[in-house]
Number of protein chains: 2
Amino acid sequence: MTPPEGLQAPGLNQRQVLSQHWARWRKWNKYQPLDHVRRYFGEKVALYFAWLGFYTGWLLPAAAVGTLVFLVGCSMLFSDTPTQELCSSADSFEMCPLCPDCPFWLLSSICALVQAGRLFDHGGTVFFSLFMALWAVLFLEYWKRKSATLAYRWGCSDYEDIEERPRPQFAASAPTMALNPITGEDEPYFPERSRLHRVLAGSVVVVMMVAVVVMFLVSIILYRAIMAILVSKSDNTVLTAWASRIASLTGSVVNLIFILILSKIYVALAHVLTRWEMHRTQTKFEDAFTLKVFIFQFVNFYSSPIYIAFFKGRFVGYPGNYHTLFGIRNEECAAGGCLIELAQELLVIMVGKQIINNVQEILIPKLKGWWQKVRLRSRKRQAGAAMAAGRAPWEADYELLPCEGLFDEYLEMVLQFGFVTIFVAACPLAPLFALLNNWVEIRLDARKFVSESRRPVAERAQDIGIWFHILAGLKHLAVISNAFLLAFSSDVLPRAYYQWSRARDLRGFVNFTLARAPPAFAAAHNRTCRYQAFRDDDGQYSRTYWNLLAIRLAFVIVFEHVVFSIGRVLDLLVPDIPESVEIKVKREYYLAKQALAENEALFGAGGAKDNQPLAQEMRLGPQA
Amino acid sequence: MTPPEGLQAPGLNQRQVLSQHWARWRKWNKYQPLDHVRRYFGEKVALYFAWLGFYTGWLLPAAAVGTLVFLVGCSMLFSDTPTQELCSSADSFEMCPLCPDCPFWLLSSICALVQAGRLFDHGGTVFFSLFMALWAVLFLEYWKRKSATLAYRWGCSDYEDIEERPRPQFAASAPTMALNPITGEDEPYFPERSRLHRVLAGSVVVVMMVAVVVMFLVSIILYRAIMAILVSKSDNTVLTAWASRIASLTGSVVNLIFILILSKIYVALAHVLTRWEMHRTQTKFEDAFTLKVFIFQFVNFYSSPIYIAFFKGRFVGYPGNYHTLFGIRNEECAAGGCLIELAQELLVIMVGKQIINNVQEILIPKLKGWWQKVRLRSRKRQAGAAMAAGRAPWEADYELLPCEGLFDEYLEMVLQFGFVTIFVAACPLAPLFALLNNWVEIRLDARKFVSESRRPVAERAQDIGIWFHILAGLKHLAVISNAFLLAFSSDVLPRAYYQWSRARDLRGFVNFTLARAPPAFAAAHNRTCRYQAFRDDDGQYSRTYWNLLAIRLAFVIVFEHVVFSIGRVLDLLVPDIPESVEIKVKREYYLAKQALAENEALFGAGGAKDNQPLAQEMRLGPQA
């Protein structure tokens, strides 16, 4: 396996080669030299970068189609009848207040917001959701192939099953020794049954922690509502005007603080639990740890968008009969609907958070590195160092930061994959932003490994471990979530229903979606108002509501069945291992078996009788 | 692998041992001596019997729970308010005619039928559907384990992948020779690309044949309707009274004849197509043939129950505005509803067809065997035979019928599995009948193999082939079908809705489910009547209809998600290969690899560099 031409610079060591040909912004359009990465950092790190590069490559078509869908939205913006109707409605639709003590407002005042919403919410989104669901299926299928090819090329296809040794911490604390049934050697042993009990106990703790996070989310929602009421009731007029802003801002701050605290506690707890579960190998240990932390982080990061997408504004009741939670009126979506709010939230996460993350990833290591150097130098000076000149490379390496492992890198990317697929119906631009971010991310991570942190101990791995299963889970969730988003949050179905049952040109659609406040409410406030719902004048769900509900549910069923069926067929059509690799593996197995037979003939270890498998001959277990 | 004690009868040959200890009714409560079966008939036959026995064993709990659910239905029969109301309604509900020129009828006249329906259709059925869906998941999971264990014990775990040779017919007609990349030997070769084209062309033919069957089903439905009208319009009063009976009877006969003809054509066609596709190994050939024939037989056998369960009586319109197909009014379900009709159909299939089948399987081989003997004897006499005494066993064997292979046996059982799982919501007794049938079936098939047909050429196999995937597909279909059956055909949801929204004791439920014929219809017929639907007096769907539709669809979504999720979790929790077998396989692989390394060191075949896999060393393909 000679390195590709051009990477063969004489006189450079491996790290310098990597630094020149990989960890550079200028190389953004080049494939990564994975074999070199693997040779220097080991299979585990190389597999991460292989996955990251593969994922980024696959984001290209998704981003292209997403942008196209967005552009279609732009082009339809000014020809859309309901939006025009809404913007030119002046004061014909006076809307009921969105929160207690809020003012009445005019529907035409949110014209710009509704126009922005139309960019995301049109027929093309249905197509794009379908596209992304199948994209995710194919992405994972082809990653399986790529991963198998790499594992084979790097000779670690059966590393986990057969070759992996017990992790040192396990060996140190295992209570007994036992024969390893595969290699036939003595090694530390922990009874499977006790481990099972511990894993079960650990799962209970995880569930409890998740429950804490969810309870906390609910309390933040309550906090926002209470704060808004309290502030708006104060005498200070400036405060009153900004009531909801203040409430949501302080809510976010409290939220952030709690999340950070919980996160620290949780990661420490997960570490303790996973150690206590006594996993034999490093791979299993990391899988268990990863799963625990991922579940927590998933709830942490996704609970807010999930709340906005599926719960916020759904159980509000109607004017004069608002539903309450602990006596406080349930939150409504901001004017313009929840889908716009969700798109905003996603844009903030996809753009804002990623920019901040990347800046952090550039700056913080630099700062830490500088501090590390200062600290080490002063220590050296104390020790009376005189050998500053002519330092060996390992001494220079020691001045760098310790390598922090791949967990955070994976987590960031997998959460991003989740946002790209789960909420794609609300934000078709997400893949584009993910693509841009990842192009930077690859070289950023490469620089981090090559020039900012110490060379980590090379570890072997045969695949990306449990992350793959997490991705597969997210892919499933994505189909379900998109089905419900399109059916319940988007305007696609009400519009289609209106076109089909009333007017083909959508004239009057705005009026159709607005219910009239019940007479009692109008009388109490001395003015009438409208609100977004399909209800009769007495507040009961109208016939249209039930028709639409049936249509929405039918849409969910059809969408899920179609997507899951096509996904299943694609899954069956694409073999998990490329044929060329499979043939090589089988050839190897065939030769090995033949060699074993020859060996036995030579050394008289006893030829295999009949065609009984060999292991039976070895008398490893009782024969059934 | 010594045979179990008790089967070691001295002086008996293998066939006699099997005949004494296996192919006997008296042994119905004993496990099958699978190792002996395998030794005499080969792995393929042994795996069939292993599967059949395993399936029968798993039917036990299903049958027990199903019977329990049925008994619960019996016990609730006489305390059920709506049934009592219906039976005691006398002439208060006069119903509209079910077909053109049919008479008006009284709802109370179908009291017995509705009572029978209640035996199947109650809350317990929901539970049982759930139970059977999970039963199917677990059954397949544990069969995977059993199959892996047997394949390992019989030394054929990697038979298909590595050891299987080209089938002779393929070798004879393959256009070129090529190197087998696994064994490194020359063998006949057919280009993969051409095969793909042929498979695609074959699939088109299959789809066309399926379309023919469906078209034929529709034409039979039309035929029934037309016949009923023609006969009822004749002047003969006897004929008129029996109009619908005559129509459906002659319809069945025409149906049967066409099915038989199509079936013959189709099997012949499938054989030609599969041969033309040039599959390399016998296993692949059989898989391709099996899939083709199964698809056809599935449509053949299931189209009628599927039509009754999901289509019949759904698109009939309402009195005065009946929907038509080619000018003929759409069929309604018989009085009492489609679920009862479906249950009847299933009972006929499960009990009637199976009894007929078994009698056939006993009688026909006897007759054929007798005829075979007569024929052979007369031929022998012609040849002037004198050696009738002291025949060798193979001569006696030659007088038996040629063995017909396993295809029909598998097909029968897999179709039964489908009926047991797909329509279980309509007939909780199906597993019981399947169990009783299979207890007979095992010994019947054993007798057929041991004493009624010639010993087949022993074939190897590593599993039951594509039948497993067909079973997995049926399992998926079953969940979907049961969800829709419970939601749309059963009374469970309307009852629950009525209890929740109107009266807890279900009083008035019968009246609630009946719509009134529109005034125009009443005026035209000079009398008013009722019909089963949720419609307003003007024939439009009522609000209740839409409420219920939303509830039904929501039920489908919840049911499917719950069942598929639990199924998925079970799938993950149960390893596909028992740990003990997996360890042995890995041990074997480990030893083989070590032996290969030793071999190379001994014979200087060139030690593997670095940790490159061996096959690369063999220069089998270009190195990426």
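The present account deals with the structure reproduced in this document. Source: prediction; values computed, not measured.

Cut-offs applied
Residues numbered from 1 in each chain as written. Chains lettered and ligands numbered in written order. Predicted model: local features only at pLDDT ≥ 70, side-chain atom pairs only at ≥ 80, totals over all residues. Heavy atoms only, no water. Axes fitted to C-alpha atoms, helices over the stretch in contact; angles between N-to-C directions. Helix = DSSP H or I, 4+ residues; strand = E, 2+ residues; numbered from the N terminus. Parallel < 35°, antiparallel > 145°, perpendicular 65-115°, else oblique. Left-handed = near helix turned anticlockwise from the far one by under 90°. Contact = heavy atoms within 4.5 Å. Nonpolar A, V, L, I, M, F, W, Y, C, P; charged D, E, K, R; others polar. Buried < 20%, exposed > 50% of the residue type's maximum accessible area, 1.4 Å probe, protein only. Disulfide = S-S within 2.5 Å.

### Some remarks on the packing of helix 9 (residues 192–233) of chain A against helix 12 (residues 282–311) of chain A
All names here are of chain A. At a minimum axis separation of 10 Å, helix 9 and helix 12 run at an interaxial angle of 25 degrees. On the basis of their axis angle, the class for helix 9 and helix 12 is roughly parallel. Every pair of crossing elements has a handedness; the one defined by helix 9 and helix 12 is right-handed. Counted together, Val206, Met209, Val210, Val213, Val214, Leu217, Ile221 and Arg224 of helix 9 and Lys292, Ile295, Phe296, Val299, Asn300, Ser303 and Tyr307 of helix 12 form the full contact between these two elements. Of the residues that constitute the contact of helix 9 with helix 12, the class distribution is 11 nonpolar, two polar and two charged.

### Quick look at the environment of Phe449 of chain A
All names here are of chain A. As for its position among the elements, Phe449 is in helix 16 (residues 430–452). Looking at Phe449, the relative accessible area reads 3%, which means it is buried. For Phe449 and Glu404, which are 45 residues apart along the polypeptide, the C-alpha to C-alpha distance reads 9.6 Å. Beyond its immediate sequence surroundings of up to four residues, Phe449 is in contact with Arg15, Phe41, Val45, Phe49, Cys403, Leu406 and Pro456.

### Section: the state of the cysteines
Enumeration over the complete set of coordinates arrives at four disulfides over all chains. Bridging Cys87 of chain A to Cys111 of chain A, the disulfide has an S-S length of 2.0 Å. The chirality of the disulfide connecting Cys87 of chain A with Cys111 of chain A is right-handed, given an S-S dihedral of about 90 degrees. Of this pair, Cys87 of chain A sits in helix 4 (residues 81–87) while Cys111 of chain A is found in helix 5 (residues 111–120), placing the two residues 24 residues apart along the sequence. Covalently, Cys96 of chain B is tied to Cys529 of chain B through a disulfide, its sulfur atoms 2.0 Å apart. Between Cys96 of chain B and Cys529 of chain B, the disulfide has an S-S torsion of 90 degrees and is therefore right-handed. Highlighted residues: Cys96 of chain B in the loop between strand 1 (94–95) and strand 2 (105–106) and Cys529 of chain B in the loop between helix 20 (519–525) and strand 10 (530–532), separated in sequence by 433 residues. Under the relative-accessibility criterion, Cys529 of chain B is labelled buried at 2%. Lacking any disulfide linkage, Cys74 of chain A is separated from the closest cysteine sulfur, that of Cys427 of chain A, by 13 Å.

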